[in-house]
Amino acid sequence: MTEIPEEQQAAALRVVKDAGERRAALLKQADEILTTEIRPAAVNAARLGAGRSRIRQLAGVGPSVLYRWLGEAGLPVREKRPAKGSKRNV
């Protein structure tokens, strides 16, 4: 028996749907870990004097995320410098 194109498309879309649902669940889990485990641990490490570059590296976050967390936690954060070549530098 030969499948019609619509059946093949439906099967392919089910695979996409299943993978998308698994991805969404993993992203939700990753966000929860980031919020409930990594963020407080990173802030605590900074309070204890750990290097911020090392914290970022181990946490797997960018500088803007870490410095936002630290600022929200009341830790001193230097203001962001203007980009090189910015008209503010002129």
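As shown above, the structure is provided for reference.
The structure displayed is predicted, hence computed values, not measured ones.

On to the environment of arginine 39, then. Along the chain, the position of arginine 39 falls in helix H1 (residues 5–47). For the pair formed by arginine 39 and leucine 66, sequence separation is 27 residues and the distance between their alpha carbons is 8.2 Å. Aside from chain neighbours lying at most four places away, what touches arginine 39 is Leu34, Trp69 and Glu72. Polar contacts involving the side chain of arginine 39 include one to the side chain of glutamate 72, which spans 2.3 Å.

Residue position: leucine 27 is located in helix H1. Overall, leucine 27 belongs to the partly exposed group, its relative accessible area being 45%. With 54 residues separating them along the chain, leucine 27 and arginine 81 place their C-alpha atoms 32 Å apart.

With that settled, consider helix H3 (residues 63–72). Burial in H3 covers these residues: Leu66, Trp69 and Leu70. Burial along H3 is one-sided: seen end-on, the buried residues are contained in an arc of 95°. Buried residues along H3 sit against H1 and helix H2 (52–59). At the C-terminal side of H3, glycine 74 shows a positive phi close to 85°.

Conventions we followed
Residues numbered from 1 in each chain as written. Predicted model: local features only at pLDDT ≥ 70, side-chain atom pairs only at ≥ 80, totals over all residues. Heavy atoms only, no water. Helix = DSSP H or I, 4+ residues; strand = E, 2+ residues; numbered from the N terminus. Contact = heavy atoms within 4.5 Å. Polar contact = N/O pair within 3.5 Å; in protein donor to acceptor, adjacent residues only side chain to side chain. Buried < 20%, exposed > 50% of the residue type's maximum accessible area, 1.4 Å probe, protein only. Arc of directions from axis to C-beta.

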